[in-house]
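# An overview of the molecular structure
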Amino acid sequence: MDNLALAQLLFPDVADTPDQIEARYPDRSLPDGARVTRMAPSPTGFMHLGNLLAAVTAERLAHQSGGVFFLRIEDTDQKREVEGGVEAIISAFDSFRLNFDEGAGVSVDTGNYGPYRQRQRAGIYHIFAKKLVEAGCAYPCFCTEAELEDMRNRQSAEKANFGYYGKWALYRDCGLDVIHEKLNSGEPYVLRLRSSGDPSRKFRFTDLVKGKMELPENDMDIVLLKSDGIPTYHFAHAVDDHLMKTTHVVRGDEWLATLPVHVQLFEMLGWKHPEYLHIAPLMKMDGSSKRKLSKRHDPELALDYYDEQGYPVDSVLEYLFTILNSNFEQWRTQNPLSPIGEFEFTAAKMSASGALFDIAKLNDVSKNLVSRMTADRVFDQAADWCSRHDSEFHALLTLDPAYSKSIFAIGRGAAKPRRDITVWRDVRGYMDFFFDELFCPEYEYPTNVSEDDRKEIIKRYQTIYNSADDQSAWFDRIKALAGELGFAPETKLYKADPDSYKGHVGDVSMVIRVAVSGRQNSPDMFDVMRILGPERVAERLNKALMA
Ligand code: GLU
């Protein structure tokens, strides 16, 4: 076969040579040991935790080493592409503060190693496809669906491995004249790799997460260019990662099966392959067994879920680090206040078999994290979330920021801060009773206090509440009131002699709490009343009496 003639026949319009292209992608001038990593998602509209895990890993590897982290859009599969898919990718990564140094952007793409969208690179792939044809490493295949089906049936009958390889590869040795004829009559074709691999031969490979492994050589004549001239992932990623100088590819371990193809492609093209980190999918406990998180059953797999629920970005990142690097929690205990970026991330500490994702643990991490934030920070982040998800509450929350911040300040800064808020969605329910517009009391009083006593407590409290009291004077009044109405002013007195009392000071406080806040669960009542102010407290007590 005259490979040069075949290459010319297949790619008459390719004028540039591989060397010319290589010259457009010079080595990056980076410090020694700097890593160049990328995210290369397809714009399918579904961004999931796996994408985020890979992105955090890739971002850390690059930025910890003074390298480059870029975004490439793998849009070769137009059937799976959705409108707005690219914007969704960019905004998802953006919201988790993953800053790309170069690559695809919402309005403009930036960087010297583009184009960063694969469809815009079609001409480049053709140059290297032509090179493979010239070297006898690729050929056109005109197989129809029927021919492929027939091949599968015969393979099944012979109990042979499925696929297009070896003796089954119908067009592998097709003559130039037949090819010419088929091209002339406009028959569609794909470009296939002419594989010389033999799966009975194994080669050694070290994945930076999975460790050392032995892989069989690839013998499949896989498709490099589809019939529309657009490359497959296998071919495109090899060309792109070589030209863009990617040093480390971080991706899902669904690509392990075709890793032999990728290594082979780099070899055939005469290039060094990048290092690979294959990340196993996240698992979750289902009863007593583990299973992969699934798009259908687990809403928490989708990245959108975290913003919808109102998880602080820091909580999600903090939790992801605990499952990404086994030594993170220990580091966090030793460095409780350090920014997460100071943690030294290493591929060696990643789980080879799929980390367990536990939303209860994420909630716990989040509660702790929010409890340690300043009131100002809580206000800013809650307001930001409400502006996007709850405009009614946003208006109230931001009407008087000082008022809202004083609510968030309750119990904050203490050694054991209150842990009421897990997600920003909780904020409304936590503090709605502070706003008259949302005050919707459920008057559930302690059952051991009679209606008469309850009314008496509220009436008398109206006359003695003094907003100038400090916390102990405030509580002394409630204790005194308890004593006057036949309730033990101290719980221990009640416990020692329950028959002598109607109840204890806790019951009296609870009546006041329910009357003022409309609920049994609320932050410290002294603080609540101080923030509500004397007029509102008086109104609330009146309202409770009328109810
Ligand atoms: N487009 C591929 C995917 O979304 C990218 C894999 C890779 O990062 O190389 O799975």
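Look up a bit, the structure's there.
Nothing here was measured: the structure is a model prediction, and the numbers come from that model.

Secondary structure summary: the protein chain contains 23 helices and 12 strands in total. In terms of its C-alpha atoms, the protein chain occupies a principal-axis envelope of roughly 110 × 50 × 45 Å. Counting all 547 residues of the protein chain, 48% fall into the buried class. Long-range pairs, those at least 24 residues apart, make up 72% of the contacts in the protein chain with a sequence separation of at least 6. Looking at the protein chain as shown, the accessible area adds up to about 26400 Å², and 49% of this sits on carbon and sulfur atoms. If you average the places of the 66 positive and of the 83 negative side-chain charges in the protein chain, the two averages end up 3 Å apart.

A complete count under the given rule lists 29 aromatic pairs for this structure. With 6.2 Å between their ring centres and 50 degrees between their planes, Tyr25 and Tyr113 make a pair best called tilted. Within this pair, whereas Tyr25 is found in the loop between α2 (18-24) and β1 (36-39), its partner Tyr113 is found in the loop between β3 (102-103) and α5 (122-134), the two being separated by 88 residues in sequence. For Tyr25, a relative accessible area of 2% gives the class buried. Tyr113 sits in the buried class, given a relative accessible area of 8%. Ring geometry for Tyr305 against Tyr311: centres 6.4 Å apart, planes inclined by 35 degrees, an arrangement best described as tilted. Ring-pair connections join several aromatic residues into one group, and the members of that group are Phe321, Phe328, Trp331, Phe343 and Phe345. One cation-aromatic arrangement involves Lys295 over Phe46; the distance from NZ or CZ to the ring centre is 4.4 Å. The residue whose ring lies beneath Arg540 is Phe439, and the NZ or CZ to ring-centre distance is 3.7 Å.

Before going further, it helps to spend a moment on the side chain of Ser315. Locating Ser315 in the fold gives a position in helix α11 (residues 313-324). Note on Ser315: relative accessible area 0%, which makes it buried. Here Ser315 is in contact with Leu362, Val365, Ser366 and Leu369, once residues within four sequence places are set aside.

Here the amide bond leading from Gly114 into Pro115 is cis, since omega sits at -5 degrees, within 30 degrees of zero. Relative to the assigned elements, Pro115 resides in the loop between β3 and α5.

Burial along β1 is two-sided: Val36 and Arg38 and Thr37 and Met39, pointing in opposite directions, are all buried. Sheet analysis places β1 next to strand β2 (residues 68-71), joined by four bridges and oriented parallel. By the bridge assignment for β2, Thr37 is matched with Phe69. In the classification by handedness, the crossover that spans β1, the intervening helix α3 (residues 49-64) and the parallel β2 is right-handed.

In this section: the sheet that holds strand β5 (residues 190-193). The three strands are arranged β4-β5-β8 in an open sheet whose pairing can be described as antiparallel. With one partner strand each, in any of the chains shown, β4 (138-141) and β8 (223-225) form the two edges of the open sheet. Shown here is a sheet whose adjacent strand axes are inclined to one another by a mean of 45 degrees, direction ignored. In this structure, β5 lies alongside β8, joined through two bridges in antiparallel fashion. Counted as the bridge partner of Arg192 is Val223 from β8.

Another aspect to go through is helix α4 (residues 85-95). Among all positions in α4, only Gly85, Val86, Ile89, Ile90, Ala92 and Phe93 are buried. Take α4 and look down its axis: the buried residues cluster within an arc of 160 degrees, on one side only. Buried residues along α4 sit against β1, α3 and β2.

With that settled, the discussion passes to the nonpolar core. With 60 residues, the main nonpolar core has Phe128, Tyr164, Leu191, Leu224 and Phe235 as its most contacted residues. No other element matches the seven residues that α5 contributes to this core. Among all residues touching Leu191, those that are not within four sequence positions of it are Leu10, Phe11, Ala129, Val133, Ala138, Tyr139, Pro140, Ile222, Val223, Leu224 and Leu225.

Next up on the list: the site of the ligand. Close to the ligand lie Arg38, Ala40, Pro41, Ser42, Glu74, Tyr233, Val250, Arg251 and Trp255, which account for all nearby residues. In the model, an oxygen atom of the ligand is placed 3.3 Å from a nitrogen or oxygen of the Trp255 side chain. In isolation the ligand exposes 290 Å². Once the protein is present, 82% of that is buried. Residue classes in the shell around the ligand are distributed as five nonpolar, one polar and three charged.

Right, let's get into the packing of helix α14 (residues 375-389) against helix α15 (residues 391-399). To characterise two packed helices, one gives the angle between the axes of the helices and the distance between these axes. Here α14 crosses α15 at 145 degrees, and the two axes come no closer than 7 Å. Viewed along their axes, α14 and α15 form a crossing whose handedness is left-handed. Residue-level inspection shows Phe379, Ala382, Ala383, Cys386, Ser387 and His389 of α14 in contact with α15, the latter providing Ser391, Phe393, His394, Leu397 and Thr398. For the contact of α14 with α15, the class distribution of residues is six nonpolar, five polar and no charged.

Moving on to the pattern of salt bridges. A full pass over the atoms with the stated rule returns 43 salt bridges. In this structure, Arg201 engages Glu217 in a salt bridge whose closest nitrogen and oxygen atoms are separated by 2.8 Å. One end of the pair, Arg201, is in the loop between β5 and β6 (202-207); the other, Glu217, is in the loop between β7 (211-216) and β8, with 16 residues separating them in the sequence. The partly exposed category is assigned to Glu217, whose relative accessible area is 23%.

Basis of the calculations
Residues numbered from 1 in each chain as written. Predicted model: local features only at pLDDT ≥ 70, side-chain atom pairs only at ≥ 80, totals over all residues. Heavy atoms only, no water. Helix = DSSP H or I, 4+ residues; strand = E, 2+ residues; numbered from the N terminus. Buried < 20%, exposed > 50% of the residue type's maximum accessible area, 1.4 Å probe, protein only. Contact = heavy atoms within 4.5 Å. Areas by Shrake-Rupley, 256 points an atom, 1.4 Å probe, with all protein chains shown as cover. Lys, Arg positive; Asp, Glu negative; His and termini not counted. Charge placed at Lys NZ, Arg CZ, Asp CG, Glu CD. Phe/Tyr/Trp six-rings, centres within 6.5 Å; stacked < 30°, edge-to-face > 60°. Lys NZ or Arg CZ within 6 Å of the ring centre and 35° of its normal. Pairing = 2+ DSSP bridges. Right-handed = clockwise from strand over helix to strand, strands pointing away. Axes fitted to C-alpha atoms, helices over the stretch in contact; angles between N-to-C directions. Arc of directions from axis to C-beta. Core = buried A, V, L, I, M, F, W, Y, C linked by side-chain atoms within 4.5 Å. Near = heavy atom within 4 Å. Polar contact = N/O pair within 3.5 Å; in protein donor to acceptor, adjacent residues only side chain to side chain. Nonpolar A, V, L, I, M, F, W, Y, C, P; charged D, E, K, R; others polar. Left-handed = near helix turned anticlockwise from the far one by under 90°. Salt bridge = Lys/Arg side-chain N within 4 Å of Asp/Glu carboxyl O.

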